[in-house]
Amino acid sequence: MSVARWTRNGNRGAFSPDGKKLLSVNANDDGGQVIVWSVATGEQIKSFVGPKEYVEVASSPGSEIVAVGSSDEEFVRRYNLEKESELPKIEIGGRVSSVGIDHVGKHLIVTGNDKLLIYELASGNKVREQDFREDTEGIGVSRDGKQLVVLASSLIGSELHVFDLANGEKISEGEHI
């Protein structure tokens, strides 16, 4: 997964696959903002209302769509950087913990509300839902798009969970060092 992000006062960002645009997210109590920037000129191209709480931003070299999840919202926001537009939100029915996109830009992976959810990125249609009762810190997809790794945390430490992305079966899990 290709994710460009930084942390400072709730800020995150992600580049478009061609590197010409940057989507930045500033989450704050006064109302968040999502901005599309021109990398070449540094000029703001477009802005949208954004989340107020901590956010996770995911992008993929295979798609112009960027996903934004927030712990204060029960949906994932999607933005098309090529068209500079906001796509319909994907309702997940509970708080969002982590978001990820596979390398080809086909699937959006979301954890939250005690679930691991897989959606078609472009359409927002749900592909699969399975129980996952862990707090997550991050999601990654193998370069071949076949495996999904979820970093889960608890009071006693962190664990890595590896799943087959096609069928959702857990391949392995282990302690994160």
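Residues numbered from 1 in each chain as written. Predicted model: local features only at pLDDT ≥ 70, side-chain atom pairs only at ≥ 80, totals over all residues. Heavy atoms only, no water.

Novice: Give a detailed account of the side chain of Asn80, specifying residues and quantitative values.
Specialist: By the element assignment, Asn80 lies in strand 7 (residues 75–80). Residue Asn80 is classed as buried on the basis of its relative accessible area, which comes to 12%. When near neighbours in sequence (up to four residues on either side) are disregarded, Asn80 contacts Glu64, Ile65, Ser85 and Leu87. (Helix = DSSP H or I, 4+ residues; strand = E, 2+ residues; numbered from the N terminus. Buried < 20%, exposed > 50% of the residue type's maximum accessible area, 1.4 Å probe, protein only. Contact = heavy atoms within 4.5 Å.)

Novice: Got a sec to walk through the sheet that holds strand 8 (residues 85–91)? Specific residues and values, please.
Specialist: Across the sheet, which stays open at both edges, the four strands sit in the order 5-6-7-8 with antiparallel pairing between neighbours. A single partner strand is all that each edge strand has here, and the edge strands are strand 5 (55–60) and strand 8. Going across the sheet, the axis of each strand differs from the next one's by a mean of 20 degrees, ignoring polarity. (Pairing = 2+ DSSP bridges. Axes fitted to C-alpha atoms, helices over the stretch in contact; angles between N-to-C directions.)

Novice: Any details on unusual backbone geometry? Residues and values, ideally.
Specialist: Of note in this structure, Glu84 is not a glycine but carries a positive phi near 55 degrees. Relative to the assigned elements, Glu84 resides in the loop between strand 7 and strand 8. Judged by its relative accessible area of 21%, Glu84 falls in the partly exposed class. Of note, Asn113 is a non-glycine position whose phi angle comes to about 55 degrees, a positive value. Turning to its location among the elements, Asn113 is positioned in the loop between strand 10 (107–112) and strand 11 (115–120). The partly exposed category is assigned to Asn113, whose relative accessible area is 38%.

Novice: An account of the nonpolar core is needed here, citing residue identities and associated values.
Specialist: Nonpolar side chains in soluble globular proteins tend to be buried together. Of all hydrophobic cores here, the largest spans 14 residues; its most connected members are Val76, Ile92, Val99, Leu108, Val110 and Tyr119. Secondary structure elements with two or more residues in this core: strand 6 (63–70), strand 9 (96–101), strand 10 and strand 11. Broken down by element, the residue count for this core peaks at three residues, all from strand 9. Other than its neighbours up to four places away in sequence, Tyr119 contacts Ile90, Glu91, Ile92, Lys106, His107, Leu108, Val110, Gly124, Asn125, Lys126 and Val127. In this structure, Leu23, Phe48, Val55 and Tyr79 belong to the second largest nonpolar core, which totals 13 residues. (Core = buried A, V, L, I, M, F, W, Y, C linked by side-chain atoms within 4.5 Å.)

Novice: How would you explain the sheet that holds strand 10 if you had to name every residue and give the values?
Specialist: Here we have four strands laid out as an open sheet, ordered 9-10-11-12, and antiparallel in their pairing. In this open sheet, the two strands that pair with only one neighbour each are strand 9 and strand 12 (126–131). Shown here is a sheet whose adjacent strand axes are inclined to one another by a mean of 15 degrees, direction ignored. As paired elements, strand 10 and strand 11 share six bridges and run antiparallel to each other. Considered in strand 11, the bridge of Thr111 is made with Leu116.

Novice: I'd like a description of the pairing of strand 6, backed by residues and values.
Specialist: Strand 6 sits mainly inside the fold: eight of its eight residues count as buried. Both faces of strand 6 are covered, namely the face carrying Ser63, Ile65, Ala67 and Gly69 and the face carrying Glu64, Val66, Val68 and Ser70. Judged from the five bridges that link them, strand 5 and strand 6 form a sheet pairing that is antiparallel. Bridge pairing in strand 6 links Glu56 to Gly69.

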